[in-house]
Amino acid sequence: MNLPDFVEREANLVARNTLALPAHAALYAKIHSADQLTLLAGKVPSRCFILGDGSNLVLTGDFNGLVLHMAIGGRELAAEDADAWYVRAGAGENWHDFVGWTLAQGWPGLENLSLIPGTVGAAPIQNIGAYGLEVADRFHCLNACDMLTGQTVRLDHSACRFAYRDSVFKQQGWHLDGRLAITDVTFRLPKVWQPLTRYADVAAELEAQGIVTASAQQIAHAIIAIRRRKLPDPAQLANAGSFFQNPVVDAAAADRLLACHPGLPHYPQADGRSKLAAGWLVEQAGWKGRDLGPVGMYEKQALVLVNRGGATGSDVMALMQAVQRDVRAKFGVELKPEPILL
Ligand code: EPU
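Residues numbered from 1 in each chain as written. Predicted model: local features only at pLDDT ≥ 70, side-chain atom pairs only at ≥ 80, totals over all residues. Heavy atoms only, no water.

A. Region of the structure containing the overall build of the chain. Of regular secondary structure, the chain possesses 10 helices and 20 strands. Against the globule reference of 20 Å for 342 residues, the chain gives a C-alpha radius of gyration of 20 Å, in line with a compact fold. Counting over 342 residues, the chain shows a buried share of 51%. On the chain, roughly 15,200 Å² of surface is accessible, and the fraction owed to carbon and sulfur atoms is 49%. Charge-centre separation for the chain: the mean point of 31 positive side chains lies 3 Å from the mean point of 34 negative side chains. (Helix = DSSP H or I, 4+ residues; strand = E, 2+ residues; numbered from the N terminus. Rg over C-alpha atoms; globule rule 2.2 N^0.38 Å. Buried < 20%, exposed > 50% of the residue type's maximum accessible area, 1.4 Å probe, protein only. Areas by Shrake-Rupley, 256 points an atom, 1.4 Å probe, with all protein chains shown as cover. Lys, Arg positive; Asp, Glu negative; His and termini not counted. Charge placed at Lys NZ, Arg CZ, Asp CG, Glu CD.)

Structural data, given as structure tokens:
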């Protein structure tokens, strides 16, 4: 099949994933516009992966397919009504820069998601969330290119089927087969703004700074300070953020665990189940600050797996399995990886 000239061969991905894992892609294209996607539609090989900043990705080895590296830029006020601003950004925009830009424009609402790594286009795929807010709470719609037909598809909120770190992209496997390439995302930012400062870390940080009635900018600064303290900067220490999802268990299982482990942090869910703190489970299983070969679980946040230098995908998988095994043995809880394993 004849591929357009902008498709490269044997591209090195080591600098394109924040865990800094070595891997090559047989085919690679940097995408700056939706037109490039239209040119590629119908020609993509059966293995196709859509890459943002590579901040939620484990490259387990070389990728024998096409990597579409999304770099579509642009951000604008798409619409405004009496109740909300509708702000649109290209899939390749850096998430944190985009959040900072909305705040500078005077459109609050995304401040709790400051300093999350990655791109705008990746945000809805795993419904990024932090400090009491998820992208789903501010999402309006997105446009994507169907890579089989070249048609533009619009997905609204209900079509995305958001859940905790989940969406229709993951449910249908589109995040792994490159079927739909998100080109832009529109967020709805309500004009009546409510600060979300109930999360313990945020409340404590604002109190320490002597702030009683926080502005959106002040909340953003507090969250940036918390994240800088707890989470390693991938530019200094390679990592992919939280490596495991917080497991959600039924009420009976939560009660059983709490009877033996009263200190286990748990958050009741609307459906009666309980979300458990995976970081606590990993720490209690003895993995906080412990290494296995060139990888380890971070000393300040046990949920973050770090590459201390020279690791491969196999090293990451070995540590993942060792932590899962020990948490299963001690608590009977199954930890699921949060990043995409490719
Ligand atoms: N904890 C420990 N030991 C640890 C880490 C955490 O005991 O080593 C305990 C904490 O004391 C706390 C609880 O676990 O009681 C929760 O910890 P934290 O507030 O740090 O948040 P998290 O549940 O570990 C989640 C998200 C983060 C997000 C933070 C803040 C997931 C998988 N992770 O982490 O998201 O920034 O909440 O809202 O949901 C990411 O997804 O990459 C990410 C960083």
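On we go from here.
B. Up close: helix 10 (residues 313-331). Given a rise of 1.5 Å per residue, 19 residues ought to cover 27 Å, and the 27 Å separating the end C-alpha atoms of helix 10 matches this to within 8%. Every buried residue of helix 10 is listed here: Gly313, Val316, Met317, Leu319, Met320, Ala322, Val323, Gln324, Val327 and Phe331. Gly332 sits one or two positions beyond helix 10 and adopts a positive phi of about 70 degrees. (Expected span 1.5 Å × (residues − 1).)

C. Quick peek at the side chain of Glu111. In this structure, Glu111 sits in the loop between helix 2 (95-105) and strand 8 (129-130). Within the structure, Glu111 has its side chain in polar contact with the side chain of Trp193 (distance 2.7 Å). Beyond its immediate sequence surroundings of up to four residues, Glu111 is in contact with Val99, Leu103, Trp193, Ala216, Ile219, Ala220 and Ile223. (Polar contact = N/O pair within 3.5 Å; in protein donor to acceptor, adjacent residues only side chain to side chain. Contact = heavy atoms within 4.5 Å.)

D. Representation of the site of the ligand in the model. Taken together, 24 residues sit near the ligand, with Tyr131, Tyr164, Tyr199, Glu283 and Glu338 positioned nearest. The contact in question runs from an oxygen atom of the ligand to an N or O atom on the side chain of Lys230, over 3.1 Å. In the complex, the protein chains occlude 82% of the 820 Å² of accessible area that the ligand would expose alone. Listing elements by their share of the shell around the ligand, those giving two or more residues are strand 8, helix 7 (216-230), strand 13 (238-242) and helix 9 (278-284). Counting residues per element, the shell around the ligand draws most heavily on helix 9, at three residues. Residue classes in the shell around the ligand are distributed as 11 nonpolar, seven polar and six charged. (Near = heavy atom within 4 Å. Nonpolar A, V, L, I, M, F, W, Y, C, P; charged D, E, K, R; others polar.)

E. Here's a closer look at the environment of Ile211. Position of Ile211 relative to the elements: it lies in the loop between helix 6 (200-208) and helix 7. According to the relative accessible area criterion, Ile211 is buried, its value standing at 16%. Ile211 has contacts with Leu206 and Gln218, leaving out every residue within four places of it along the chain.

F. Molecular detail of helix 7. The end-to-end C-alpha distance of helix 7 is 21 Å, a good match for the 21 Å that 15 residues give at a rise of 1.5 Å each. Taken as a whole, helix 7 has its buried residues at Ala216, Ile219, Ala220, Ala222, Ile223, Ile224, Ile226 and Arg227. Of the surrounding secondary structure, the elements contacted by the buried residues of helix 7 are helix 2, strand 8 and helix 6.

G. View of the nonpolar core. Within the largest apolar cluster, 61 residues are counted, with the highest numbers of intra-cluster contacts made by Leu37, Leu68, Trp95, Phe98 and Leu142. Residues within four places of Leu142 in sequence aside, it is in contact with Pro124, Val153, Arg154, Leu155, Cys160, Phe169, Ile182, Asp184 and Val185. Grouped together as the second largest cluster of nonpolar side chains are 49 residues, Leu21, Leu264, Met297 and Phe331 included. (Core = buried A, V, L, I, M, F, W, Y, C linked by side-chain atoms within 4.5 Å.)

H. View of the environment of Trp85. One can find Trp85 in strand 7 (residues 84-90). Judged by relative accessible area, which is 15%, Trp85 ranks as buried. A sequence separation of 101 residues divides Trp85 from Thr186, and the C-alpha atoms of the two residues are 9.9 Å apart. Once residues lying within four places of it in the same chain are set aside, the contact partners of Trp85 are Leu77, Ala79, Glu80, Gly106, Trp107, Pro108, Phe187, Arg188, Leu189, Pro190 and Lys191.

I. The environment of Asp184, seen in detail. Within the secondary structure layout, Asp184 lies in strand 12 (residues 180-190). Separated by 94 residues in sequence, Asp184 and Gly90 place their C-alpha atoms 4.3 Å apart. A distance of 3.4 Å separates polar atoms of two side chains, one belonging to Asp184 and the other to Thr183.

Keep in mind these values describe shape, not function.
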